Amino acid sequence: MNKYAKFWIKKLKLSQHPEGGYFANTYRSDRTIDLFGYDGTRSACTAIYYLLTGNQFSSFHIMKSDEIWHFYSGSSLTLHIIDLKGRLNRVILGPNFNEGERFQVVVKSGCWFAASVNEKKCYSLVGCTVSPGFDYNDWKIGDRKRLTEKYPEHKKIIEKFTRPVRS
């Protein structure tokens, strides 16, 4: 593992995340809201630090809320987003605006998405802000078989960024 990734994992007290990588909760709004389509109240907003190393990836997942990704340090990171119409978009989060990278990327609710580090000998340290706030009841990890049945044209990328079901 990259020495800078180790530094950030220790310094920011990051723990392993269920979809891959490392994270730490940094903010949960004291204000709560009740919205149609959500099971109970949610914080108005939440935020985390999120780090992926070289070959790690964030597995395809979906959320009920919008999520804003913010670039902080390391390699640029690619977000692989299957939008509500089934189109695959690749958006690069990073510091090089001349190469089309962005400091912030919004993933709209209801889109399936995954993330991967672009420089395999490096890491990506990002932040994620969710509104209405993150709740595991609103998050679902992608099932490889179901996703490839729904989006057969994206089979290759789905297989690359999902984990096989263990029997």
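For the structure itself, look to the data block above.
Residues numbered from 1 in each chain as written. Predicted model: local features only at pLDDT ≥ 70, side-chain atom pairs only at ≥ 80, totals over all residues. Heavy atoms only, no water.

(A) Molecular detail of the environment of K11. Considering the arrangement of structural elements, one finds K11 in helix α1 (residues 3–11). Look at K11 and you get exposed, because its relative accessible area is 57%. The spatial distance from the C-alpha of K11 to the C-alpha of T129 is 20 Å, given a sequence separation of 118 residues. (Helix = DSSP H or I, 4+ residues; strand = E, 2+ residues; numbered from the N terminus. Buried < 20%, exposed > 50% of the residue type's maximum accessible area, 1.4 Å probe, protein only.)

(B) A look at α1. For α1, the side-chain oxygen to backbone nitrogen distance between the N-cap and Y4 is 2.6 Å, and the N-cap itself is N2. K13 lies just past α1 and shows a positive phi near 55 degrees. (Polar contact = N/O pair within 3.5 Å; in protein donor to acceptor, adjacent residues only side chain to side chain.)

(C) The pattern of salt bridges, seen in detail. Inspection of the entire model under this criterion finds six salt bridges. The shortest N-O distance in the salt bridge between K155 and E159 comes to 3.8 Å. With K155 and E159 both in helix α3 (residues 155–160), this residue pair falls four residues apart, about one helical turn. Take K155: its relative accessible area is 44%, and that puts it in the partly exposed class. A relative accessible area of 36% places E159 in the partly exposed class. Ionic contacts of the salt-bridge type, sharing partners, join the residues R42, D135 and D138 into one network. (Salt bridge = Lys/Arg side-chain N within 4 Å of Asp/Glu carboxyl O.)

(D) Examining the environment of L12 more closely. Following the sequence through the fold, L12 ends up in the loop between α1 and β1 (15–16). Between the alpha carbons of L12 and Y49 there is a distance of 8.0 Å; along the sequence they are 37 residues apart. Ignoring anything within four residues of it in the chain, the contact list for L12 reads A24, Y49 and L125. (Contact = heavy atoms within 4.5 Å.)

(E) Just the sheet that holds strand β10 (residues 104–107), in detail. Here six strands make up an open sheet; going across it, the order is β1-β2-β5-β12-β7-β10 and the pairing antiparallel. If you trace the sheet from one side to the other, it starts and ends with β1 and β10, each paired once. In the sheet, β1 pairs with strand β2 (residues 22–28) via two bridges, with the strands oriented antiparallel. Looking at β2, one finds that S15 is bridged to F23. (Pairing = 2+ DSSP bridges.)

(F) The pairing of β10, seen in detail. Residues V105 and V107 of β10 are buried on one face, while the alternating residues Q104 and V106, pointing to the opposite face, are not. Pairing of strand β7 (residues 66–74) with β10, which is carried by four bridges, proceeds in the antiparallel orientation. Following the sheet pairing, I68 is matched in β10 by V106.

(G) Layout of the layout of surface pockets. Taken as a whole, the largest pocket spans an internal volume of roughly 220 Å³. H17, F23, I48, E67 and F134 are the residues nearest the centre of the largest pocket, which is lined by 18 residues in total. Elements that contribute at least two residues to the lining of the largest pocket include exactly β2, β5 (46–53), β6 (57–63), β7 and β12 (123–131). Considering every element that reaches the lining of the largest pocket, the biggest residue donor is β5, with four residues. Taken as a whole, the second largest pocket spans an internal volume of roughly 180 Å³. (1 Å grid on protein atoms, 1.4 Å probe; cavity = no way out; pocket = protein on both sides within 12 Å on 5 of 7 lines; lining within 4 Å. Points joined across faces, edges and corners; volume = space filled by probe spheres on them.)

(H) The sheet that holds strand β8 (residues 77–82), seen in detail. Spatially, β9-β8-β11-β6-β13 is the arrangement adopted by the five strands of the open sheet, whose pairing is antiparallel. With one partner strand each, in any of the chains shown, β9 (88–93) and β13 (139–141) form the two edges of the open sheet. Going from strand to strand, the sheet's axes swing by 25 degrees on average, the running direction of each strand aside. Judged from the six bridges that link them, β8 and strand β11 (residues 112–117) form a sheet pairing that is antiparallel. (Axes fitted to C-alpha atoms, helices over the stretch in contact; angles between N-to-C directions.)

Honestly, it's all geometry; don't read function into it.
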